[in-house]
Amino acid sequence: MMKKRSALLLVVLGLLGGSLLTLVLMTYPGITSQTSPGEGLLASITGSSQQKNELKKIETAMDLISKNYYKDVDRTKLIDGAINGMMESLGDPYSNYMGQETAAQFEESIEGSFTGIGAEVSSQDGNVVVVSPIKGSPAEKAGIRAKDIIMSVNGESLQGLELNKAVNKIRGPKGSSAKVQVKRAGSTELIEFTIIRDDIDLETVYAHMEDGGIGVINITQFSLNTGERFKEELAKLEKQNMKGLIIDVRNDPGGVLQVVIDIAEQFVPKGKVIVQVEDKNGKKEQSKSNGSSKPYPITVLMNKGSASASEILAGALQQSAGATLVGENSFGKGTVQTSYDKQMGDGSLLKITIAKWLTPNGDWIHEKGIKPDIAVDQPEYFSVAPINKEKLPLKYDSNNMDVKSAQTMLRGLDFKPDRVDGYYDQKTEEAVKAFQKEKGIKVTGQIDEKTAESLEAALIERIANPQYDAQLKRAIENVSKDISSAVSKP
């Protein structure tokens, strides 16, 4: 297990709470774990005449500001601002600078635990975009979805903010409340969530056995302990005479590269490629398996929240181990970041995109994602927006997006409103009355706060029930078919 504040170069593929998870992959020439604080990053720009002039220009600007600005100046903030400016000028949402506090949170992310709402975010065109909510997190339970754009937190706009500043506003102490407004594709109005921050679970691997000897292993992120936990759970399933395996990486934002390689090696035959890394000069380095294949069929479950390391696993198992991909098109993050902490010398951290990663077949999936072999969407109610409690009650003849959300929820819970276009007609009123009667709520046919909260709670319970998971059911069907085909072969 790696220790915190490791001096090793950390290669990054995913992001957690706004800070990219770290992946140990390789040491690049000229920058080693022996580099002393203050060497490398700033010292490296003192070589040529041009580099000296560039450094002098920065120092001159700082001196002019410090001496002439009409208020006292914190030089540390100036330095941080200068570095942030350099990173932002790259136009790369995955390259950024972290001050001491954010860097410490980054280390917590690597270890697999932190306090917050539990949503992966990145910066795109000045927007804070959700990569995916973390399984079981407050964000997931509240209804945050991949691709949501977080517009504000507790009334403070996040538009145009540097990513670390935005993340610090999203995060907060356990038990505190975050009122989050998001923009979601397909919705004409902002959607508001009230999320209670909590400790995000350290556990990253969950496993169980379905009927017919089909094992299911869910990986929520690729943290430092995930590889060992995966091996443990896989061994338990195999001892139970498992006949087929489903690896579920839905809403898994990525993580430590060596961990995903270790997991893939358990299924990819020796000598076959797991992943390729291509540097700025076009030089490719292949990571080949030292493992072996398995005698049972494998299916990988993924969705639009499956990013980075999850996509590496999906691509490797599909192209080098014959696995079937089921679900939705994945997120599409095909770049690799390296994290530099010791070189900065003060507890801060610089994270820079240093390469592309490619699938075994040489595909670069950046901003495209990986297409599933079997496309399966979840029912509409899986991504329905919550009802705005400030616009209640909803009643007969109302016509808005909140009514549409309520109708979608009612239909998902088998209370047939007949329409889901946002108009509160008589059938909608009857469906609301039926729901209120079943839940022991005063039967009015109107959606007040108690009814709205009860609707949302019932829907969350249904979504969490595997019985209604269309993607998982289709994956089970696929593995069952593969098992039957293998048995029937002479």
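Below is a short write-up of the structure.

1. Some details on the overall build of the protein
On a plain count of helices and strands, the protein comes out with 12 helices and 20 strands. For the protein, the proportion of its 490 residues judged to be buried stands at 50%. Summarising the internal contacts of the protein: among those between residues at least 6 apart in sequence, 65% fall at separations of at least 24. For the protein, the exposed area adds up to about 22,700 Å²; of that, 49% sits on carbon and sulfur atoms.

2. With respect to the packing of aromatic side chains
In the structure shown here, the tally under the stated rule is four aromatic pairs. Taking the centre distance of 5.5 Å and the plane angle of 85 degrees together, the rings of phenylalanine 415 and phenylalanine 435 count as edge-to-face. With phenylalanine 415 in the loop between helix H9 (401-412) and helix H10 (426-439) and phenylalanine 435 in helix H10, the pair connects residues that are 20 residues apart, well separated along the chain. With respect to class, phenylalanine 415 is no different from phenylalanine 435; both count as buried. The ring of tyrosine 94 carries the charged tip of lysine 333 above its face, separated from the ring centre by 4.6 Å.

3. Topic: the nonpolar core
Side chains of a nonpolar character, in soluble globular proteins, are inclined to be buried together. Ranked by size, the top nonpolar core spans 43 residues in total, and within it Ile219, Phe222, Leu245, Ile247, Phe267, Leu313 and Leu317 carry the most contacts. Once residues lying within four places of it in the same chain are set aside, the contact partners of phenylalanine 267 are Phe230, Leu234, Leu245, Ile247, Ser292, Ser293, Lys294, Tyr296, Ile298, Leu317 and Ala321.

4. Some remarks on unusual backbone geometry
Proline 393 follows leucine 392 through a cis peptide bond whose omega is 5 degrees. Mapped onto the secondary structure, proline 393 falls in the loop between strand S20 (374-375) and H9. Here the phi dihedral of aspartate 397 falls at roughly 80 degrees; this positive angle occurs in a residue that is not glycine. As for its placement among the helices and strands, aspartate 397 is situated in the loop between S20 and H9. A positive phi is found at aspartate 418, a non-glycine position, where the angle reads about 75 degrees. Mapped onto the elements of the fold, aspartate 418 is located in the loop between H9 and H10.

5. Side note on the pattern of salt bridges
Here the structure, examined in full by the defined rule, presents 20 salt bridges. Between aspartate 198 and lysine 174 there is a salt bridge, with the nearest N and O atoms lying 3.9 Å from each other. Of the two residues, aspartate 198 is situated in strand S10 (residues 198-200) and lysine 174 in the loop between helix H5 (163-170) and strand S8 (177-183); the sequence distance between them amounts to 24 residues. Look at aspartate 198 and you get partly exposed, because its relative accessible area is 30%. Judged by relative accessible area, which is 55%, lysine 174 ranks as exposed. The salt bridge partner of glutamate 228 is lysine 231, with a shortest N-O separation of 4.0 Å. On the criterion of helical spacing, the pair formed by glutamate 228 and lysine 231 is a turn pair, its members being three residues apart in helix H6 (residues 226-239). Taking the relative accessible area as the measure of exposure, lysine 231 reaches 37% and is therefore partly exposed. Here the residues in one salt-bridge network are Arg229, Glu232, Glu233 and Lys236, joined through shared partners.

The rules behind the values
Residues numbered from 1 in each chain as written. Predicted model: local features only at pLDDT ≥ 70, side-chain atom pairs only at ≥ 80, totals over all residues. Heavy atoms only, no water. Helix = DSSP H or I, 4+ residues; strand = E, 2+ residues; numbered from the N terminus. Buried < 20%, exposed > 50% of the residue type's maximum accessible area, 1.4 Å probe, protein only. Contact = heavy atoms within 4.5 Å. Areas by Shrake-Rupley, 256 points an atom, 1.4 Å probe, with all protein chains shown as cover. Phe/Tyr/Trp six-rings, centres within 6.5 Å; stacked < 30°, edge-to-face > 60°. Lys NZ or Arg CZ within 6 Å of the ring centre and 35° of its normal. Core = buried A, V, L, I, M, F, W, Y, C linked by side-chain atoms within 4.5 Å. Salt bridge = Lys/Arg side-chain N within 4 Å of Asp/Glu carboxyl O.

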